[in-house]
Amino acid sequence: MKRNRSPVTQYKFVEQKAIIYIRDRVCETADELLSSEIFFEVLRRAVNALSRRQSPLIELFETAADGTIPDQELHHLVAIFRWLAKLPLEHVHKLVNAEQAHLLTKPTLLYDFVEYLYDYWRDYERFLICDSEGDALDQRPYRTFNRTIESLTHLVRSVYRDIQENISGQHPNIYRQIVAGAEIAAIALPKPIFAIVDDLQALNQIPVIRQVLMYPPLLLNPPMNKRSGQFVQTEQNPLEKLRLDASEWLCYPAKVGPLLILIYFHELFYELGFTLCNLFELAEDNFLDSRSADAILLFGVPDECIDPQAAYPTVFYHHPENNLWIGAIPRRKEFGYFGYMKKMTLTLHNIVMMQRGRFPYHGAMVQFLLKNGREFNLLIIGDTGAGKSETLEAFRAIGEEAIRSMTIIADDMGSLEIQTNGEILAYGSEVGAFVRLDDLSPGYAFGRLDRTIIMNPSQVNARVVLPVTTYSNIMRGAKLDMVLYANNYEAVDATHPIIEKFNTPEQALAVFREGKSMSKGTTTSTGLTQAYFANIFGAPQFQSLHETIAQRYFQAFFERGIFVGQLRTRLGLPGWERKGPEEAARALLEWLG
């Protein structure tokens, strides 16, 4: 980690991530910015990139005998930039010394270089971490953010514009307010969560995120865009061999349904870790202080922390002393996909729910309030890519005339609980959605861009992460009226209707248990697949326990008169990617009357 004398006290470059650490303030003047070590480091990196590809922009500099550009040239350029931030080019000519003058002889090239440098900086994924411990700035988070991320963005943009205008002698007619500082900022403070002196104690040194500010829409390019393998239980504690540098980690304390799950992520995966703020509610202080963690996830551990005997390197472990479930994902680029972070978190959620006697489901749960006064709560269970979210979004679009409101209880996963009076209530686990961009209607996708994080937009399985509901909605408990299995692989005909009702718990269990789905390329699986209850996230790992719970709940469905059936979305059939969910939505609308 670099250190300098400017207000930005520490910074770090991790591949395409620029991470700035501050305690009080960032640079406030052009001189402070241009004199900072981080600016010089960005300048050096940018020039080295030009040299590697032998760009014509290198002609701006005088090279050394070996063809490299010496640091002294860059120091000369910084001195010129400091003048150009204040004065027009013709005045700067009179102020520079003889060693610097050659950098002003090609103003067009200098102008193009400044444009390149600005773009080069913005190509980084930029994070600002504020540790305001000791000065109470965290008590006024927006003021902290305003003094840091907002002022830095304005300063970088202003310095860039002033230098360009002073080189060209012209003012632009169009100003584009591009985010030029950090894209994501967080207040992160050390917080002693684990009081027991054991292998969990080291985690207390990792700063815990308390506030986040981001500038959506964010376009991120994680190293992977698919998930493969399974999550398996291991007998080796991932913490045993974990030797961590707390400065390389952050903790996102997530409210996952009723649970507190602490998600620790390594700086290599910052873009994934901060995306959590669009998916899980950030636990506030009183939530953290009033309970113990139900589970933790370590995302980005060294390979030696993973049991070499495990069938897959994505593992979870039961910590017996604390009755705590610990998930671990290796620090490898092949696991740099948000699906691993999300699904491991939900696997831990599902395991705890089963231990408490609840039925965990992989599905979408929505509460409808119709204009005829009817309230109706629908749960669609199905595998990734089965058409759950797509059908509900189509329902939202085509049912405008009949629907007063749609409240999402769960977008992807949640749990059911049988009350003492026999009523079955549904709960969600996340407040956001992680969905395929291609499977959303264009109007809906673009209408939510102002809150969206977009991942790998140019690749197959491009994904968006966006908030879709509130924590109070997922936690209030919604009465269950209808349970459908999302069948995306069968065509519709006279004997295979879009909505098919099951007559017995055994008939229903046979379809749900088989868990068939046509893969949509969201994992490395292809073709027709099967997964126990369309839920590989905890259910098959504890199949005996899950089976007992499932039989009890499906019996209760029929005893309570809940409609149980399957919905043929046809999302997995060629040519039906949009039309299939739309027709499924129409059938649901007709069924509701």
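Residues numbered from 1 in each chain as written. Predicted model: local features only at pLDDT ≥ 70, side-chain atom pairs only at ≥ 80, totals over all residues. Heavy atoms only, no water.

## Details of helix H10 (residues 388–398)
Our working definition: When accessible area is computed with a 1.4 Å probe and restricted to protein chains, residues below 20% of their type maximum are described as buried, those above 50% as exposed, and intermediate ones as partly exposed. Helix and strand assignments follow DSSP, with helices taken as H or I runs no shorter than four residues and strands as E runs no shorter than two, numbered in order from the N terminus.
Taking burial as the measure, the 11 residues of H10 include eight buried ones, the bulk of the element. Every buried residue of H10 is listed here: Lys388, Ser389, Glu390, Thr391, Leu392, Glu393, Ala394 and Phe395.

## As for the sheet that holds strand S7 (residues 218–220)
Selection criterion: Pairing between two strands requires that DSSP report at least two bridges joining them. What counts as an axis is a line fitted to C-alpha atoms, over the stretch in contact for a helix, and the angles between N-to-C directions run from 0 to 180 degrees.
Strand order in the open sheet formed by four strands is S7-S21-S22-S20, and the pairing between neighbours is mixed. A strand with exactly one partner marks an edge of an open sheet, and here the two such strands are S7 and strand S20 (432–436). Across this sheet, the average inter-strand angle for adjacent strands is 20°, counted without regard to direction.

## Examining the side chain of Asn487
In plain terms, the rule: Counting of polar contacts relies on pairs of N or O atoms within 3.5 Å, with two restrictions inside protein: one atom must be capable of donating a hydrogen and the other of accepting it, and residues adjacent in sequence are counted only when both atoms are side-chain atoms. In this description, contact between two residues means that some pair of their heavy atoms is separated by no more than 4.5 Å.
For Asn487, the location among the structural elements is in strand S24 (residues 482–487). Separated by 3.1 Å, the side chain of Asn487 and the backbone nitrogen of Tyr489 make a polar contact. Those residues within four positions of Asn487 in sequence are excluded, and the remaining contacts are Gln566, Leu567, Arg568, Thr569 and Arg570.

## Focus: the pairing of strand S9 (residues 249–256)
With eight of eight residues buried, S9 lies mostly within the body of the structure. With eight bridges connecting them, S9 and strand S10 (residues 259–266) associate as antiparallel partners. Bridging across to S10, Val256 finds its partner in Leu259. The sheet contact formed by S9 and strand S11 (residues 281–282) spans two bridges and is antiparallel. Paired with Ala254 across the strands is Leu282, a residue of S11.

## Let's talk about the nonpolar core
Rules: Buried Ala, Val, Leu, Ile, Met, Phe, Trp, Tyr and Cys residues that are joined via side-chain atoms within 4.5 Å together make up what is termed a nonpolar core.
Leu43, Phe61, Phe81, Leu84 and Phe113 are the most contacted members of the largest nonpolar core, which has 63 residues in total. Apart from residues no more than four positions distant in its own chain, Leu43 is found in contact with Leu74, Leu77, Val78, Phe113 and Leu117. Grouped together as the second largest cluster of nonpolar side chains are 52 residues, Val14, Ile129, Tyr270 and Met413 included.

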